[in-house]
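Results of the structural survey
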Amino acid sequence: MAGNWKMYKTPAETKAFFDAFLQLVAEAKHCEIAICPPFVNIHAAVEASRGTRVGVGAQNLYWKNEGAFTGEVSGPMIKASGAAWVIIGHSERRQYFGETDATVLERTKAALAAGLKPIVCVGERLEEREAGRTDAVLAEQFNGGIAPLDADAFAKIVIAYEPVWAIGTGRTATPEMAADAHRVLRGLVSAKYGAVAGAAIRILYGGSVKPDNVKGLMAQPEIDGALVGGASLEAASFASIVNF
Ligand code: PEP
């Protein structure tokens, strides 16, 4: 269960979140938990979660280790800050910051080289779904951004299926729609990396996951977890999702 805080919260607000959240998930042993705050809050999140089962992640990274790349943050920097995870290719990055499948691949390789665990996002836009192109878009994103990884690298990633029309809109994919897309992705994985990898890959669903719809989504065997935006900003709300 991963929380994507997007561009919300200060270091003090991060600490306050963890003070409340950690008590609420103290008994949660059934899943891994990660919070992905803005870069400037990673230190506060790592300090606040030290010694707990809650991991910390970044929301992006650049693929060079260092250099004259003003405004960018590298994998080794994120790793040295104590984070374990990194979200890659979120639709907001694709939509507003020119992220492409090719850069998703570069970032994923860089994350793995730095010892970070990538959560690689894919998902179709509304017009693509309405044009019946969902499966084709997922295949394009998988083939361009993920499939060039070798099998050892692939085994270390998590995929997040996030239909763009469901992100931050309050409009969730039905559990069946999400499961259908997860099956498509699992099929692509099996075709490229074999049936064992297809069964083993963890695929998170993301898109307006809330305390009141998480149970139905998680009842689908295809859905291994959730990547949660808005509902991860409040401790009680994200804890209730984790404890579904
Ligand atoms: C996200 O940011 O990855 C996301 C799924 O957002 P939300 O839960 O707010 O739709």
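Residues numbered from 1 in each chain as written. Predicted model: local features only at pLDDT ≥ 70, side-chain atom pairs only at ≥ 80, totals over all residues. Heavy atoms only, no water.

**Thoughts on the site of the ligand**
Just so we agree on the cut-off: In these notes, residues near a molecule or strand are those with any non-hydrogen atom within 4 Å of it. Definition of a polar contact: a pair of N or O atoms within 3.5 Å, with one able to donate and the other able to accept a hydrogen when the atoms are protein atoms, and with sequence-neighbouring residues admitted only if both atoms are side-chain atoms. The Shrake-Rupley method, run with a 1.4 Å probe, gives the accessible areas here. Residue values count only the displayed protein chains as cover. We call Asp, Glu, Lys and Arg charged. Ala, Val, Leu, Ile, Met, Phe, Trp, Tyr, Cys and Pro are nonpolar, and the rest, Gly among them, are polar.
Taken together, 14 residues sit near the ligand, with Lys6, Glu162, Gly168, Ser208 and Gly229 positioned nearest. Within the contact set of the ligand, an oxygen atom lies 2.7 Å away from a side-chain nitrogen or oxygen of lysine 6. Considered on its own, the ligand offers 300 Å² of accessible surface; in the complex 98% of this is hidden by protein. Across the shell around the ligand, the residue classes tally to four nonpolar, eight polar and two charged.

**Some details on the sheet that holds strand S6 (residues 158-161)**
To keep it simple, the criterion reads: At least two bridges found by DSSP between two strands are what make those strands a pair. The way it works is that DSSP assigns letters per residue, a run of H or I at least four long becomes a helix, a run of E at least two long becomes a strand, and they are numbered from the N terminus. Geometry is summarised by axes, namely lines fitted to C-alpha atoms with helices restricted to the contacting stretch, and by angles between N-to-C directions that run from 0 to 180 degrees. Contact criterion: two residues are considered in contact whenever any of their non-hydrogen atoms come within 4.5 Å of each other.
Ordered in space as S1-S2-S3-S4-S5-S6-S7-S8, the eight strands form a closed barrel in which the pairing is parallel. The average undirected angle you get between the axes of adjacent strands in this sheet is 30°. Taken together, the two bridges between strand S3 (residues 54-58) and strand S4 (residues 85-88) define a ladder with parallel strand orientation. Residue pairing in the sheet places alanine 58 in a bridge with valine 86 of S4. This element, helix H1 (residues 11-24), spans strand S2 (33-36) and S3 of the sheet and lies at about 165° to S2.

**Quick look at the nonpolar core**
Generally speaking, soluble globular proteins have nonpolar side chains that are buried together. Stated formally: Put simply, buried Ala, Val, Leu, Ile, Met, Phe, Trp, Tyr and Cys residues joined by side-chain atoms within 4.5 Å make one nonpolar core. Buried, partly exposed and exposed residues are distinguished by accessible area as a fraction of the type maximum, computed with a 1.4 Å probe on protein chains only: under 20%, between the cut-offs, and over 50%, respectively.
Phe21, Phe154, Ile159 and Phe238 are the most contacted members of the largest nonpolar core, which totals 68 residues. No other element matches the six residues that helix H9 (residues 175-193) contributes to this core. Apart from the residues lying within four places of it in its own chain, the contact partners of phenylalanine 21 are Ile33, Ile35, Val54, Ala235, Phe238, Ala239 and Val242. Among the nonpolar cores identified, the runner-up in size contains eleven residues, and Ala2, Cys36, Trp85 and Ile119 belong to it.

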